[in-house]
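# Chain and residue survey
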Amino acid sequence: MRRRAMTSEQASLKKISGHINEYDFAELISGEVNLGSPTDKKDVIDLQHRSHSVKGGTWWQIFLYARSRLLTNTIFRGLGNIADLMIQCIDAFPEDRNDYLADKQSAKIRLQEPMRLLKQEIEKPNIFPALLEKSLFNGGEVNYLSILPHTLPNTLSIAEKHFHVFSQRDVVDLLSTHLEIQNSRARNRHQMDAQKVIFRFNNRNLGEIEIRTDSPTHYREIKWRVHAPAIFGILTSNLESVTLANQQISVYGTARNQFSINVQAG
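Residues numbered from 1 in each chain as written. Predicted model: local features only at pLDDT ≥ 70, side-chain atom pairs only at ≥ 80, totals over all residues. Heavy atoms only, no water.

### What about the packing of aromatic side chains?
- All told, the structure shown has twelve aromatic pairs when counted by the stated rule.
- With centroids separated by 4.9 Å and ring planes inclined at 5°, the aromatic side chains of Phe-63 and Tyr-65 adopt a geometry described as stacked. For the pair Phe-63 and Tyr-65, a shared accessibility class is recorded, and that class is buried.
- Among the aromatic residues, those joined into a ring-pair cluster are Phe-63, Tyr-65, Phe-76, Phe-128, Phe-199 and Trp-224. (Phe/Tyr/Trp six-rings, centres within 6.5 Å; stacked < 30°, edge-to-face > 60°. Buried < 20%, exposed > 50% of the residue type's maximum accessible area, 1.4 Å probe, protein only.)

Printed below as a string of structure tokens:
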């Protein structure tokens, strides 16, 4: 079943919930919320002056880029042919959305070849880890992925929240080695192959890169989203953890040797 796009009200509530999580996480670790650009992935700065991307909810939007952003994004432009292939996928659709709505089939046919090439580029061993690092950690500027799992973020008080902290390197290493990259396949006669790049684990889809066409506001934008519980499961099942003294923060893998909620002397 195709998932409906969020309404503007739903998107606003989700954004507000995300900010609440950031402030709650910052309070629990005695850190501070980064009041920088809305597109900055450094949500919270901890006592060691290292940064966290704080995520909650069921689906994470990893990126949403218009054509113009891909032309100027210096890290993406240095990442093989990723940026150019994403632009080719966007350019498969006419600039006027009404033209697309009048003839969806032609655009979908044009999309197939660049989407296949994008999949082939991403699955190169040196490209996929770099794409994860850029997309999740802003090219290495963010140190940790800190997750509030399996909950609707705006339904819990701070006392009920338990965050899970993972290092940038562990996340990139695990996802780049565990996820299988494929193109989507038509499931009925109304669909076409190769409309998306999909990411799979244990024979299940857990993420996708696609071109948004569902609204005039976000027409011809490329989006990557992933299913948060599935990602969380991969991380927690492959890394040992320790729960810190406040009992509301669990730290995994190499982050156990790096992250602390106490100021270290010296």
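### Topic: unusual backbone geometry
- At Asn-138, a position not held by glycine, the phi torsion is positive, near 55°.
- By secondary structure assignment, the location of Asn-138 is in the loop between helix H7 (127–137) and strand E5 (144–148). (Helix = DSSP H or I, 4+ residues; strand = E, 2+ residues; numbered from the N terminus.)

### Digging into the sheet that holds strand E7 (residues 180–183)
- Taken together, the five strands give an open sheet; going across it, the order is E4-E10-E9-E8-E7, and neighbouring strands pair in antiparallel fashion. Each of the sheet's edge strands pairs with one partner strand only, and the pair in question is strand E4 (59–66) and E7. Averaged over all neighbouring strand pairs, the angle between strand axes comes to 20°, with direction disregarded.
- Where strand E8 (residues 197–201) meets strand E9 (residues 204–212), five bridges bridge the pair, whose relative direction is antiparallel. (Pairing = 2+ DSSP bridges. Axes fitted to C-alpha atoms, helices over the stretch in contact; angles between N-to-C directions.)

### Structural notes on the sheet that holds strand E2 (residues 44–45)
- Read across the open sheet, the seven strands follow the order E1-E2-E3-E5-E6-E12-E11; overall the sheet is mixed. Sheet topology places strand E1 (32–33) and strand E11 (241–243) at the edges, where each strand pairs with a single neighbour.
- With four bridges joining them, E5 and strand E6 (residues 163–167) adopt antiparallel strand pairing. Considered in E6, the bridge of Tyr-144 is made with Ser-167.
- Packed onto the sheet, helix H8 (residues 168–178) meets E5, E6 and strand E12 (249–252) and runs at close to 80° relative to E6. (Contact = heavy atoms within 4.5 Å.)

### A closer look at the packing of H7 against H8
- Direction vectors running N to C along H7 and H8 enclose 135°, while the axes themselves pass 9 Å from each other. Looking at the two axes, H7 sits oblique to H8. Two packed elements cross with a definite hand, and for H7 against H8 that hand is right-handed. Touching Phe-128, Pro-129, Leu-132, Glu-133, Leu-136 and Phe-137 of H7 are Gln-168, Arg-169, Val-171, Val-172, Leu-175 and Ser-176, all from H8.
- In terms of residue class, the contact of H7 with H8 is made up of eight nonpolar, two polar and two charged. (Parallel < 35°, antiparallel > 145°, perpendicular 65-115°, else oblique. Left-handed = near helix turned anticlockwise from the far one by under 90°. Nonpolar A, V, L, I, M, F, W, Y, C, P; charged D, E, K, R; others polar.)

### Quick look at the pairing of strand E10 (residues 221–227)
- Burial within E10 is extensive, with six of its seven residues counted as buried.
- One ladder, built from seven bridges, connects E4 with E10; its direction is antiparallel. Directly across from Phe-63, in E10, lies its bridge partner Trp-224.
- Here six bridges tie E9 to E10, and the two strands are oriented antiparallel to one another. What sits directly across from Glu-210, in E10, is Lys-223.

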